[in-house]
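Overview (structure and organization)
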Amino acid sequence: MMNLKDILYKVTLNAVIGNTSVSIDDIHFDSRKIVENDVFVAVKGTVSDGHEFIDTAISQGATVIVCEVLPKNNVAGVTYVEVENSSMALAIMASNYYGNPSENLKLIGVTGTNGKTTIASLLYQLFKNAGYKVGLLSTVKIMVDNKTYQATHTTPDSLTINRYLKEMNDEGVEFCFMEVSSHGIHQNRTEGLHFEGGIFTNLSHDHLDYHETFAEYRDVKKRFFDQLPTTAFALVNTDDKNGEIMVQNTKAKKITYALKGYANYKAQILENQFSGLLLKVNDSEVWTRLIGNFNAYNILAIFATAELLGLEKVEVLRLISELESVAGRFQYVISDDKITAIVDYAHTPDALKNVLETINSIRTKNEELITVVGCGGNRDKTKRPKMGHIASALSTKVIFTSDNPRNEHPEAIIEDVEAGVEPQNFKKVISITDRKQAIKTACQMAQSNDIILIAGKGHETYQEISGERFDFDDFKIVREFLKQLQK
């Protein structure tokens, strides 16, 4: 039980009707969760508007309503709080309600199109191996030191974030690494959080179904850095031209990393093989089991962050050499017949290009590179032909298939992908709607030393078709088919 006045601390109020010195039990933005003596925050979402459920919330026992538009008729005994922005108010209230837990640990936010999950997850792994109690808020999972929870969004809602951060406080967690998505920033889910640092990976074509233009997508990401305090660091990849834009207005200490240009943290790839990378980071060499140019950037960001958070350079290099790849990120298996199958989450044109270029830079060109790829339904349609173009241009054979069709017709999505294939690559391409059948066909086509890339779903253990989720794990499926073919 808390006093409403304390929960509203730092929230910009337009008007108040009723008493703010009342005690409340809980905060919700979902009217279905409201019980006696709760606060209901009416948030305008992308699908529904919480203002339409104010009466329902009151009938279920809400004693406080926080909203952007006051109802015409007020109910006696209910306190109404009018705010400029409900989602922003919710985030600040959530932080206050849970005792501002982000201030009691070192919270690092990772944002960008690609690399967020890998960097956040590997930083969790590195600091854990260094002997610290660590938290992780990622697309793949949420970790409160050794406890694992299922993740539902890249950036959870602000109540969920603060609830986990409070649990981390209770467990004595010192560091927390968090993926910060453009959706999360745009919907103010990270408002009210105290960040020790922010990392920018890169920016490429994604989420243009949500953000209307690339400039809007970029500016939303930038807002995260604009809000960092002077005590924080802003670590940005300056090989991406958007890196400089991210920190134009930041108050945080600017730190740069790059493989090509001048930066505070520099890396050079000395060896690039399927077994790993040998890198020269600033003046030191380090071997890592991670593969490819894009992982050289990830390792560089991890090295810089660990140093900025106070770890000794020699220890950081040792810990990097022990890191294991993240599920569904360039995860590979080699069959007895010497067929290499790689599963990767690459679901944007840039990520797919990175993975295919990495494989091509390592392979001898005497073997086939068979790519199985699709695009998700009810998402950014403009990237589909680009994915088709990249897959067909950079592979020797391609099977277009379903990803998560959701509520779209799988064949219509595949047609959009096929539209990007240039005439000289037509003969490389076949389409198989059923993803499991597509993976099986790739395994049957492959011969000794060939490489199969299964892109798009990575760590996901489901496939979403017509609003239903079915068990589906790319890595398990390809491993099983390769075993069967060996018999």
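Reading the values: rules and limits
- Each residue is numbered by its place in its chain's sequence as written, counting from 1.
- pLDDT decides what is reported in this predicted model: residues at 70 or higher carry local features, side-chain atom pairs at 80 or more are listed and counted, and totals for whole chains, interfaces and linings draw on all residues regardless.
- As a convention, hydrogens and water are excluded, and side-chain values are obtained from all of the structure's heavy atoms.
- Runs of E in the DSSP output that reach at least two residues are strands. Runs of H or I that reach at least four are helices, and both are numbered from the N terminus.
- For the exposure calls, accessible area comes from a 1.4 Å probe over protein chains only, and a residue counts as buried if that area is under 20% of its type's maximum, exposed if over 50%, partly exposed in between.
- Residues count as neighbours in contact if any of their non-hydrogen atoms are within 4.5 Å of one another.
- pLDDT gives the predictor's per-residue confidence on a scale running from 0 to 100.
- To estimate how far a helix should reach, multiply one less than its number of residues by 1.5 Å.
- For this analysis, a polar contact is any N or O atom pair within 3.5 Å, provided that within protein one partner can donate a hydrogen and the other can accept it, and provided that sequence-adjacent residues contribute only side-chain to side-chain pairs.
- We call two strands paired when DSSP finds no fewer than two bridges between them.
- Between N-to-C directions, angles span 0 to 180 degrees; the directions come from axes that are lines fitted to C-alpha atoms, helices contributing only their stretch in contact.
- To define a nonpolar core, start from buried Ala, Val, Leu, Ile, Met, Phe, Trp, Tyr and Cys residues and group those joined through side-chain atoms within 4.5 Å.

Concerning the overall build of the chain
In terms of regular secondary structure, the chain is built from 15 helices and 26 strands. Overall, the chain is about 80 × 50 × 40 Å in size when its C-alpha atoms are taken along their principal axes. In the chain, which comprises 487 residues, the share counted as buried stands at 57%. Of all intrachain contacts in the chain linking residues separated by at least 6 positions in sequence, the fraction that spans at least 24 positions is 65%.

As for the side chain of Asn360
By the element assignment, Asn360 lies in helix H11 (residues 349–362). In contact with Asn360, not counting residues within four places along its chain, are Lys365, Leu369 and Leu394.

A closer look at the confidence of the model for the chain
Averaged over the chain, the pLDDT score is 94; the fraction of residues at 70 or greater is 98%. pLDDT under 50 marks residues 206–211. Its contacts with residues more than four places away, or in other chains, come to 27 contacts.

Looking at helix H15 (residues 474–486)
With 13 residues, H15 should reach 18 Å at 1.5 Å per residue; the first-to-last C-alpha distance of 19 Å fits that figure. Turning to H15, the residues buried within the fold contact strand E19 (331–334), strand E20 (340–344), helix H14 (435–445) and strand E24 (451–455). For H15, the N-terminal cap is Asp473; the gap from its side-chain oxygen to the backbone nitrogen of Phe475 is 3.0 Å.

What about the pairing of strand E9 (residues 134–137)?
A two-sided burial pattern is seen for E9, the buried positions comprising Val134 and Leu136 on one face and Gly135 and Leu137 on the other. As paired strands, E9 and strand E12 (residues 175–179) are joined by 4 bridges and run parallel to one another. Within E12, the position partnered with Leu137 by the bridge is Met178. As paired elements, E9 and strand E10 (residues 141–144) share 3 bridges and run antiparallel to each other. Residue pairing across strands places Gly135 opposite Val144, the latter belonging to E10. Between E9 and E10, which follow one another and run antiparallel, lie 3 residues.

A closer look at the sheet that holds strand E2 (residues 13–17)
The sheet built from 5 strands is open, its strands ordered E2-E7-E6-E5-E4 with mixed pairing. Lying at the two open borders of the sheet, with one neighbouring strand each, are E2 and strand E4 (26–28). For this sheet, the mean inter-axis angle between neighbouring strands, taken without regard to orientation, is 15°. Helix H3 (residues 86–97) contacts E4, strand E5 (38–41), strand E6 (64–67) and strand E7 (79–83) of the sheet and is inclined by roughly 155° relative to E4.

Things to note about the nonpolar core
In this structure, Leu126, Phe127, Phe177, Ile199, Leu235, Tyr257 and Ile320 are the most contacted members of the largest nonpolar core, which totals 44 residues. Examining the composition of this core, we find that 9 residues originate from one element, helix H9 (residues 293–308), more than from any other. Leave out the neighbours within four places in its chain, and Phe127 touches Tyr132, Val134, Phe175, Phe177, Ala306, Leu309 and Leu311. In this structure, Val173, Phe225, Met246 and Val247 belong to the second largest nonpolar core, which totals 30 residues.

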